[in-house]
Amino acid sequence: MFVKVISFGVVFSLVNAQYSLPEDFTRCRQKDAKLNDCLKSAVPDALRRMKEGISSLSVPQMEPLHVSGINIESGAGPVVITQNYKNIKLHGLTDSILTTYKADLKNYRLRTDSLTPKMEFIADYVMKGRILVLPIQGKGIANITMVNLVVKHDLIGEPVQRDGQTYMHMKDYKVKFIPEKVVLHFSNLFNGDKRLGENMNAFLNENSDLVFNELKESYEKALSSVFQDVTNKIFDKVPMNKIFPEE
Ligand SMILES: *[C@@H]1O[C@H](CO)[C@@H](O)[C@H](O)[C@H]1NC(C)=O
């Protein structure tokens, strides 16, 4: 009898341990003929509700989103710079809207394009290198602002079975950044030499397409892994049929 009571208790706590989406998130049904339209509005709405994070799912604060560090080694070409960013804060993600959504749940694939009016990347930086013919070096605060940033997201998932439930684990998350405009500012370039620093910041902005194109791939890689982690915080915990109900 005693044993029975204990095992009942264990079963009860396991059942309770099953996570679900926060109550106020819109659910989009798998068989909804307008599933893509539903997700197009539900996902940005969820993102806005995640500004402070979701503690029960260990989803971090999204506004701003903190990223620990990025190291960039840009090799050949016109921009050769070693950059190290720390204490990164991304502002503006939760103002994003989605312009298209393509969910292919049978193949565990989600594709969407987002538009972020203004994404600010603020971080402590250290850098050293050369842009075109000019040497550049500094250590201070970087502000890389992307205006009207289109991000193409490609989420490649796979089913994971656990405790009789199917979870949609994201094994890969690809992003492409297409900003309308990039505004760069690095404080304290050249050991704080004001004139050199101002000239270099002006030069970087006159050539921002070139500079950004050289660095884009590293930013994309770093941020896609951040997006993947946040997505999996939810998708690894909440069974797929609780995110996309079957009925
Ligand atoms: C970063 O730069 C943008 C564009 O110049 C500016 O609007 C924003 O206020 C700056 N943010 C910080 C924290 O300095």
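Predicted model, so just to flag it, every value in this text is computed and none were measured.

1. So, the overall build of the protein
Along its length, the protein carries five helices and six strands. The secondary structure elements of the protein, listed N-terminal to C-terminal, are α-α-β-β-β-β-β-β-α-α-α. Principal axes of the C-alpha set define a box for the protein whose edges measure 80 × 45 × 30 Å. By residue count, 43% of the 247 residues in the protein fall in the buried class. Across the protein, the fraction of contacts at a sequence separation of at least 24, relative to all contacts at a separation of at least 6, is 68%. A total of about 13600 Å² of accessible surface is found on the protein, and carbon and sulfur atoms cover 54% of it. Here the protein contributes 32 positively and 29 negatively charged side chains, and the mean placements of these two sets differ by 2 Å.

2. Concerning the packing of aromatic side chains
Tallied over the full model, the rule gives seven aromatic pairs. Ring geometry for Tyr125 against Phe186: centres 5.0 Å apart, planes inclined by 75°, an arrangement best described as edge-to-face. Of this pair, Tyr125 sits in strand S4 (residues 109-131) while Phe186 sits in strand S6 (residues 165-186), and the two are 61 residues apart along the sequence. When its relative accessible area of 5% is taken as the criterion, Phe186 is described as buried. Taking the centre distance of 6.3 Å and the plane angle of 65° together, the rings of Phe235 and Phe244 count as edge-to-face. Comparing Phe235 with Phe244 shows no difference in burial state: the two are buried. The structure contains a cluster of three or more aromatic residues connected by ring pairs, namely Tyr85, Phe121, Phe212 and Tyr219.

3. Re the pattern of salt bridges
Applying the stated criterion across every chain, the model contains 10 salt bridges. Residues Asp113 and Lys152 are paired through a salt bridge, measuring 3.0 Å at the closest nitrogen-oxygen approach. Note that Asp113 is positioned in strand S4 and Lys152 in strand S5 (residues 134-162), a separation of 39 residues in sequence. On the basis of relative accessible area, Lys152 is assigned to the partly exposed category, the value being 39%. Residues joined in a network through salt bridges with shared partners are Asp24, Asp45 and Arg49.

4. Considerations on the pairing of S6
Relative to S6, S5 runs antiparallel, the two sharing 20 bridges. In the strand pairing of S6, Ile144 is matched with Leu184. The hairpin formed by S5 and S6 contains two residues between the paired strands, and Asp163 there has a positive phi angle of roughly 50°.

5. Examining unusual backbone geometry
Between Glu63 and the following residue, Pro64, the backbone shows a cis peptide bond with an omega angle of -10°. Note on placement: Pro64 falls in the loop between helix H2 (35-49) and strand S1 (65-73). Despite not being glycine, Asn87 shows a phi value in the positive range, around 50°. Looking at the secondary structure, you find Asn87 in strand S2 (residues 79-91).

6. Things to note about the state of the cysteines
Summed over the entire model, instances satisfying the criterion amount to one disulfide. The partner cysteine of Cys28 in its disulfide is Cys38, sulfur to sulfur 2.1 Å. Classification of the bridge connecting Cys28 and Cys38 rests on its S-S torsion, roughly -85°, and on that basis the disulfide is left-handed. Here Cys28 is found in the loop between helix H1 (2-16) and H2, whereas its partner Cys38 is found in helix H2, with 10 residues between them in sequence. Residue Cys38 is classed as buried on the basis of its relative accessible area of 17%.

7. Points about the site of the ligand
The environment of the ligand is formed by Lys118, Glu120, Ile122, Asn143, Thr145 and Val183. Lys118 is positioned with one of its side-chain polar atoms (N or O) 3.1 Å from an oxygen atom of the ligand. At 3.2 Å from an oxygen atom of the ligand is found a side-chain nitrogen or oxygen belonging to Thr145. Contact with the protein chains covers 46% of the free accessible surface of the ligand, which is 360 Å². The dominant element in the shell around the ligand, judged by the number of residues it contributes, is S4, at three residues. For the shell around the ligand, the residue count by class is two nonpolar, two polar and two charged.

Procedures and definitions
Residues numbered from 1 in each chain as written. Predicted model: local features only at pLDDT ≥ 70, side-chain atom pairs only at ≥ 80, totals over all residues. Heavy atoms only, no water. Helix = DSSP H or I, 4+ residues; strand = E, 2+ residues; numbered from the N terminus. Buried < 20%, exposed > 50% of the residue type's maximum accessible area, 1.4 Å probe, protein only. Contact = heavy atoms within 4.5 Å. Areas by Shrake-Rupley, 256 points an atom, 1.4 Å probe, with all protein chains shown as cover. Lys, Arg positive; Asp, Glu negative; His and termini not counted. Charge placed at Lys NZ, Arg CZ, Asp CG, Glu CD. Phe/Tyr/Trp six-rings, centres within 6.5 Å; stacked < 30°, edge-to-face > 60°. Salt bridge = Lys/Arg side-chain N within 4 Å of Asp/Glu carboxyl O. Pairing = 2+ DSSP bridges. Disulfide = S-S within 2.5 Å. Near = heavy atom within 4 Å. Polar contact = N/O pair within 3.5 Å; in protein donor to acceptor, adjacent residues only side chain to side chain. Nonpolar A, V, L, I, M, F, W, Y, C, P; charged D, E, K, R; others polar.

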